[in-house]
Amino acid sequence: MRNYEMVVILDTALSDVDRDSLIGKLKNIIEKKGKVQAMEVWGKRELAYEINHRKEGYYVIFNFEAPPETINELKQEIRMNKSYLRELIVRK
C-alpha cells in the first residue's frame with residue numbers, strides 16, 4: 001500500500017447534503033481497500049481562475065493509504081460527476 005494526498009474542489013452550488021454525499025463516496029472508495037489517515041475540509045475558497053464559470057470552490061483534502069488500483073476508481077468517480085471541479089492526487 002502506498003500513501004497519497006488528494007485535493008478535491010467541489011462546486012459551491014451544491015447543497016450541504018449533496019456535498020457530504022460526494023465526499024462520502026470518495027471516502028468509501030478509499031476505505032474499500034485502504035485507510036483514510038486524515039481528512040481536512042478547507043471549505044469555500046476563491047479559485048485562482050474560473051473553472052466552468054465558477055469563481056469559488058469547496059476544498060477537501062484527503063491523506064490516505066491505499067493500493068494503486070484505488071486511484072483509478074477515484075479518478076473514474078470524479079470524471080463521471082460534473083460536481084467535482086478539479087482533483088489532484090499525489091503519491092507521498
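Just above, that's the structure.
Only a predicted model underlies this, so the values are computations on that prediction, with no experimental measurement involved. (Residues numbered from 1 in each chain as written. Predicted model: local features only at pLDDT ≥ 70, side-chain atom pairs only at ≥ 80, totals over all residues. Heavy atoms only, no water.)

Peer 1: Kindly report on the pattern of salt bridges, identifying the contributing residues and their values.
Peer 2: Throughout the structure, instances matching the rule amount to four salt bridges. Its salt-bridge partner being Lys-33, residue Glu-69 comes within 3.9 Å of it at the nearest N-O pair. A residue pair is termed long-range when its members are at least 10 positions apart, and Glu-69 in helix α2 (residues 69–80) and Lys-33 in helix α1 (residues 16–33) qualify at 36 residues. Looking at Lys-33, the relative accessible area reads 46%, which means it is partly exposed. (Salt bridge = Lys/Arg side-chain N within 4 Å of Asp/Glu carboxyl O. Helix = DSSP H or I, 4+ residues; strand = E, 2+ residues; numbered from the N terminus. Buried < 20%, exposed > 50% of the residue type's maximum accessible area, 1.4 Å probe, protein only.)

Peer 1: Lay out the nonpolar core in plain terms, naming residues and giving numbers.
Peer 2: In this structure, Met-6, Leu-10, Leu-26, Phe-62, Phe-64 and Leu-74 are the most contacted members of the largest nonpolar core, which totals 21 residues. Looking at this core, the elements with two or more residues in it are β1 (2–11), α1, β3 (54–66), α2 and β4 (84–91). If we ignore the near neighbours within four places in the chain, the residues touching Leu-10 are Arg-19, Leu-22, Ile-23, Gly-57, Tyr-58, Val-60, Ser-83, Tyr-84 and Leu-85. (Core = buried A, V, L, I, M, F, W, Y, C linked by side-chain atoms within 4.5 Å. Contact = heavy atoms within 4.5 Å.)

Peer 1: Describe the packing of α1 against α2, with residues and values.
Peer 2: Closest axis-to-axis distance for the α1/α2 pair is 10 Å, and the angle between their directions is 165 degrees. By the angle between their axes, α1 is roughly antiparallel relative to α2. In the crossing of α1 with α2, the sense of the turn from one axis to the other is right-handed. Where α1 approaches α2, its residues Lys-25, Leu-26, Ile-29, Ile-30, Lys-32 and Lys-33 are matched on the opposing element by Glu-69, Thr-70, Glu-73, Leu-74, Glu-77 and Ile-78. Its residues assigned to classes, the contact of α1 with α2 shows five nonpolar, one polar and six charged. (Axes fitted to C-alpha atoms, helices over the stretch in contact; angles between N-to-C directions. Parallel < 35°, antiparallel > 145°, perpendicular 65-115°, else oblique. Left-handed = near helix turned anticlockwise from the far one by under 90°. Nonpolar A, V, L, I, M, F, W, Y, C, P; charged D, E, K, R; others polar.)

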